[in-house]
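# Observations on chain architecture
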Amino acid sequence: MAEGHPSELDLLALAEGELPGDRRNALMQHIDACPICARAVGEVEAGRAALRAAPAVEAPRQLRRRVSADLDAHEPPRRVYVSPMRLVALLAPLTVVLALVAAVASIDFGGDDSSGGGGRESAQADEGAGGGDTLDQELDAPTLAEEGMAVASVAGPPRQVAAFLKSRGLDARVVGRRVVVRASDPDAVARELAARPGGPIQVVVESP
Amino acid sequence: MAARDPDGDLVRRAQRGDRLAFERLVDRHQARLFTLAARTLGSRDEAADAVQDAFLRAWRRLDSFRGDALFSTWLYRICVNAAHDQRTRRSAEPAELEDVAPDPRDRFAESRLSDEIQTALDALDETQREVVVLYDILGCSYAEIAEVTGAAEGTVKSRLFRGRTELARRLGTAGARGESNT
Ligand SMILES: [Zn+2]
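Owing to the predicted nature of the structure, the values given are computational and were not obtained by experimental measurement. Here, residues in each chain are numbered from 1, in the same order as that chain's written sequence. To read the labels, note that chains go from A and ligands from 1, taken in the order they are written. In view of the model being predicted, local features appear only for residues whose pLDDT reaches at least 70, and side-chain atom pairs are presented and counted only at 80 or more, with totals across whole chains, interfaces and linings using the full set of residues. Each side-chain value is derived from all of the structure's non-hydrogen atoms; neither hydrogens nor water enter the calculation.

## Comments concerning the coordination of the zinc ion
Residues and elements named next belong to chain A. Just so we agree on the cut-off: In this description, a donor is an N, O or S atom within 2.8 Å of the metal centre, a cutoff extended to 3.2 Å for sodium, potassium and calcium. Water is not part of the atom list, which can make sites seem incomplete. For four-coordinate sites, all angles between 85 and 135 degrees define a tetrahedron; for four- and six-coordinate sites, opposite donors beyond 155 degrees with the remaining angles between 65 and 115 define square planar and octahedral shapes respectively, and all other cases count as irregular.
The protein atoms that coordinate the zinc ion are His5 (ND1), His30 (NE2), Cys34 (SG) and Cys37 (SG), at distances spanning 1.9 to 2.3 Å. Considering all 4 donor atoms around the zinc ion, angles at the metal cover 102 to 116° and the coordination shape is tetrahedral. Sequence spacing among the residues donating to the zinc ion works out to H-x24-H-x3-C-x2-C.

## Quick notes on the packing of helix α1 (residues 8-15) of chain A against helix α3 (residues 35-52) of chain A
Residue and element names in this part refer to chain A. Stated formally: Fitted lines through C-alpha atoms give the axes, limited to the stretch in contact for helices. The angle between two N-to-C directions lies from 0 to 180 degrees. A run of DSSP states H or I qualifies as a helix once it reaches four residues; a run of E qualifies as a strand once it reaches two. Both are numbered from the N-terminal end. Here the angle decides the label: under 35 degrees means roughly parallel, over 145 means roughly antiparallel, 65 to 115 means roughly perpendicular, and every other value means oblique. Here is the rule for handedness: rotate from the far helix to the near one, and if that takes an anticlockwise turn smaller than a right angle the crossing is left-handed, while a clockwise turn gives right-handed. Whether two residues touch is decided by their heavy atoms; if any such pair falls within 4.5 Å, the residues are in contact. Residues are grouped as follows: Ala, Val, Leu, Ile, Met, Phe, Trp, Tyr, Cys and Pro are nonpolar; Asp, Glu, Lys and Arg are charged; all remaining types, including Gly, are polar.
Close contact between α1 and α3 brings their axes to 10 Å; oriented N to C, the two are set at 55°. As judged from the angle between their axes, α1 and α3 are oblique. In this structure, α1 meets α3 at a crossing whose hand is right-handed. Counting all contacts with α1, which are made through Leu11, Leu12, Leu14 and Ala15, the residues of α3 involved are Cys37, Ala40, Val41, Val44, Glu45 and Arg48. Split into classes, the residues belonging to the contact of α1 with α3 amount to 8 nonpolar, no polar and 2 charged.

## As for the environment of B:Thr40
Residues and elements named next belong to chain B. Summarising the element assignment, threonine 40 is placed in helix α2 (residues 19-41). Spatially, the C-alpha atoms of threonine 40 and histidine 84 are 8.7 Å apart, while their sequence positions differ by 44 residues. Beyond its immediate chain neighbours, meaning those up to four positions away, threonine 40 contacts Arg87, Arg129 and Glu130.

## A word on the packing of helix α2 (residues 21-33) of chain A against α3(A)
Residue and element names in this part refer to chain A. The geometry of α2 relative to α3 is characterised by a closest axis approach of 5 Å and an angle of 110° between their N-to-C directions. By the angle between their directions, the pair α2 and α3 is classed as roughly perpendicular. The element α2 and its partner α3 pack so that their crossing is left-handed. Where α2 abuts α3, its residues His30, Ile31 and Ala33 lie against Pro35, Cys37, Ala38 and Val41. Residue composition of the contact of α2 with α3, grouped by class: 6 nonpolar, 1 polar and no charged.

## Looking at the nonpolar core
What counts is decided by this rule: Side-chain atoms within 4.5 Å are what join buried Ala, Val, Leu, Ile, Met, Phe, Trp, Tyr and Cys residues into a set we call a nonpolar core. Accessible area is worked out with a 1.4 Å probe on protein chains only. A residue is then buried under 20% of its type maximum, exposed over 50%, and partly exposed in between.
Counting residues in hydrophobic clusters, the biggest one holds 75 residues, and the most contacted among them are B:Phe22 and B:Phe34. Counting 8 residues, the second-largest nonpolar core is a separate cluster that includes A:Phe164, A:Leu170, A:Val181 and A:Val189.

## Observations concerning the pattern of salt bridges
In a structure, side chains of opposite charge can pair up when their charged atoms sit close to one another. Cut-off, in case you're wondering: Between Lys or Arg on one side and Asp or Glu on the other, a salt bridge is scored when a side-chain nitrogen of the former is within 4 Å of a carboxyl oxygen of the latter.
Applying the stated criterion to the full structure yields 23 salt bridges over all chains. Across the pair A:Glu8 and B:Arg162 runs a salt bridge whose closest N-O atoms are separated by 2.7 Å. In this pair, A:Glu8 sits in helix α1 while B:Arg162 sits in helix α8 (residues 153-171), so the two residues belong to two different chains. Where B:Asp53 meets B:Arg57, a salt bridge forms, and the shortest distance between an N and an O atom there is 2.8 Å. Of this pair, B:Asp53 and B:Arg57 both sit in helix α3 (residues 44-60), 4 residues apart, roughly one helical turn. The exposure class of B:Arg57 is buried, given its relative accessible area of 16%. A network of salt bridges, in which partner residues are shared, links A:Glu16, A:Arg48, A:Arg52, B:Asp136 and B:Arg164.

## Describing the environment of B:Ala37
Residues and elements named next belong to chain B. With respect to the helices and strands, the residue alanine 37 is situated in helix α2. For alanine 37, a relative accessible area of 0% puts it in the buried group. Along the chain, alanine 37 and alanine 82 lie 45 residues apart, while their C-alpha atoms are 8.6 Å from each other. In this view, alanine 37 contacts Gly42, Ala47, Ala50, Val51 and Cys79; residues no more than four positions away in its chain are not counted.

Read these as geometric descriptors, not functional statements.
This is the structure we're talking about:
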């Protein structure tokens with residue numbers, strides 16, 4: 001490139017409309033007088049137009065199923081979301097209460113099909129002493145296991161959890177040792193739980 | 001920490017082993033990933049293999065995603081690498097890439113993309129092709145592309161400039177008939 005021509009990056013910025021007014025005017029003046037740069041800008045714009053007009057390429061239908069089959073065959077690496085030490089530290093002010101109530105809530109998210117959408121979701125809280133885990137197989141749908149449903153436990157008194165979710169407009173009840181929530185979207189439940197006052201609910205991953 | 005990631009909630013759930021959450025991420029990103037792979041590789045079959053491979057890699061390495069970049073950026077990077085590996089495999093076993101006169105009514109059976117833009121894209125250098133596809137077809141920013149490709153932003157811009165220019169010349173548009181070679 002001969003001396004005096006603007007750089008590629010300047011010409012690109014000009015084509016993209018990213019230059020401030022005075023820079024832009026100076027470049028436009030050069031381009032009006034310089035066929036080489038004028039052509040370069042024309043090409044950059046033409047290349048952009050051609051790319052943006054490129055037709056969409058549709059994925060083959062069986063791809064989605066192939067991906068799911070891969071997921072079936074490979075366990076994800078598990079990651080403890082919050083380390084136990086950190087959990088204890090965060091919950092320190094509540095430790096006594098928790099020890100007395102001895103509550104562990106577990107949230108199960110399941111769906112009716114893998115493509116997502118509204119399904120019956122339940123957030124469950126168990127009141128087992130000593131925080132015993134109860135994975136009662138009341139989760140009727142046999143497909144849940146096939147879907148690789150995750151089971152997570154959150155610490156907190158079920159009644160409080162239920163009351164909180166209710167206050168957020170969700171249909172939550174304490175049923176036996178659990179909190180059952182009916183909601184259209186598990187994300188919404190998870191979001192509400194995460195936003196619960198008194199600190200975020202700590203989630204511990206358990207093996208299924 | 002990147003600005004709020006629209007995939008953040010699903011990613012966190014998937015990282016706890018929630019398969020359903022990951023399936024939703026697949027549903028969200030499959031079409032764009034496929035476009036990225038198909039336009040980079042120029043073949044539907046190879047693109048499907050690359051995308052399948054990319055999602056599996058993402059699933060298995062999900063714990064290594066730290067949220068420093070957007071999840072979509074992380075996914076694009078994995079996909080670009082998977083497509084690159086696919087391409088390397090192709091050249092390892094040289095098959096003739098000649099046109100097979102496909103039945104024009106059987107769009108899905110025809111694996112090779114043969115529209116004009118693809119023919120021009122195929123002629124680009126791989127690094128330029130990645131950048132123009134990411135910027136102009138997927139709408140990524142310079143910063144995202146820098147993350148995806150591991151190149152500096154200046155390099156990304158230069159590749160965009162040259163890739164677009166080269167495309168225009170091959171397509172013969174905008175009076176882009178210049179003889180001057182770069
Ligand atoms: Zn000039």
